[in-house]
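Spelled out from the first residue to the last, the chains are:
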Amino acid sequence: MNEIILHLQHIMKKKLDEYRYEHTLGVMYTAAALAMKHKADINQALLAGLLHDCAKCYSDEKKRLLCDKYNVTLSQFEIDNPALIHAKLGAVLANKKYEIEDEAVCSAIACHTTGAPGMTKLDKIVFIADYIEPHRNKAQRLDDIRYTAFENLDEAVIMILCDTLDYLKDTTKIIDPMTQKTYEYYIKGGRKS
Ligand code: DGI
Ligand code: FE
Ligand code: FE
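Residues numbered from 1 in each chain as written. Chains lettered and ligands numbered in written order. Predicted model: local features only at pLDDT ≥ 70, side-chain atom pairs only at ≥ 80, totals over all residues. Heavy atoms only, no water.

A.B. asks: Any chance you could break down helix 1 (residues 3-15) for me, citing the residues and the numbers?
C.D. replies: Structurally, the α-helix is built with 3.6 residues per turn, so residues lying three or four positions apart point the same way. Its 13 residues place the ends of helix 1 19 Å apart at the C-alpha level, agreeing with the 18 Å of an ideal helix rising 1.5 Å per residue. The set of residues buried in helix 1 consists of I5, L8, Q9 and M12. The buried residues of helix 1 occupy one face: seen down the axis, they fall within an arc of 115°. Seen from the buried face of helix 1, the exposed residues on the opposite side, beyond 90 degrees, are E3, H10, K13 and K14. Contacts from the buried residues of helix 1 go to helix 2 (18-37) and helix 3 (42-51). Where helix 1 begins, one side-chain oxygen reaches toward the backbone nitrogen of I4, 3.1 Å away; that side chain belongs to N2. (Helix = DSSP H or I, 4+ residues; strand = E, 2+ residues; numbered from the N terminus. Expected span 1.5 Å × (residues − 1). Buried < 20%, exposed > 50% of the residue type's maximum accessible area, 1.4 Å probe, protein only. Arc of directions from axis to C-beta. Contact = heavy atoms within 4.5 Å. Polar contact = N/O pair within 3.5 Å; in protein donor to acceptor, adjacent residues only side chain to side chain.)

Structure below.
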């Protein structure tokens, strides 16, 4: 693995709690495996997987302060649901703090929680890897989604969004309009991966 990735891995070990660090390694390697299967760039997948939750372990207050510092504009929905902030903030920290200039990597971090219409192959890979990495065990039909991810990225994206929307409805959490919009985009055929 290249030196930048090894260096950032040490930093993430300090920045994240134990569970989040193990999850991060799971996402990093799962994203790399998906990149191998679907002919995407493995180093971009490793890097985006490694940094995708880099803003996750800050308190809500600290996340808001960091958004101010880095001029991250939040939607009203993100202000009301701070669990969502770490994706957009993570992309900005990857760029400004960890000096990742590859916009494709930062984009994959930015949309890893809700997805987005018209995702690139790398975006989809990180979105899926976050859901299926081996430490995840709570979601329904995970085995099915894991097999599908190595066959068809768009199919896996649809299954994940469908289950996430069901889960959010069950837990009476408010649905981010972006999660809904992304589901509708891909269920209508989206762009093929
Ligand atoms: O950061 P991870 O735990 O690895 O996973 P993630 O980035 O997918 O974030 C999951 C969190 O995001 C979880 O607390 C549920 C929340 N979430 C995802 N989509 C929505 C959402 N919360 C609301 N309220 N609405 C959404 O559409
Ligand atoms: Fe996340
Ligand atoms: Fe994650």
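A.B. asks: Any details on the coordination of the iron ion (ligand 3)? Residues and values, ideally.
C.D. replies: At this site the iron ion (ligand 3) is bound by H23 (NE2), H52 (NE2), D53 (OD) and D130 (OD), with donor distances of 2.2 Å. All donors of the iron ion (ligand 3) belong to a single chain; written as a sequence motif, their spacing is H-x28-H-D-x76-D. The metal-metal distance between the iron ion (ligand 3) and the iron ion (ligand 2) is 3.5 Å, with D53 coordinating both. Residue H52 is located in the loop between helix 3 and helix 4 (60-69), and its partner D130 is located in helix 8 (residues 121-132); the two are separated by 78 residues in the primary sequence. For the pair formed by H52 and D130, the shared burial category is buried. (Donors = N, O, S within 2.8 Å, 3.2 Å for Na, K, Ca; no water.)

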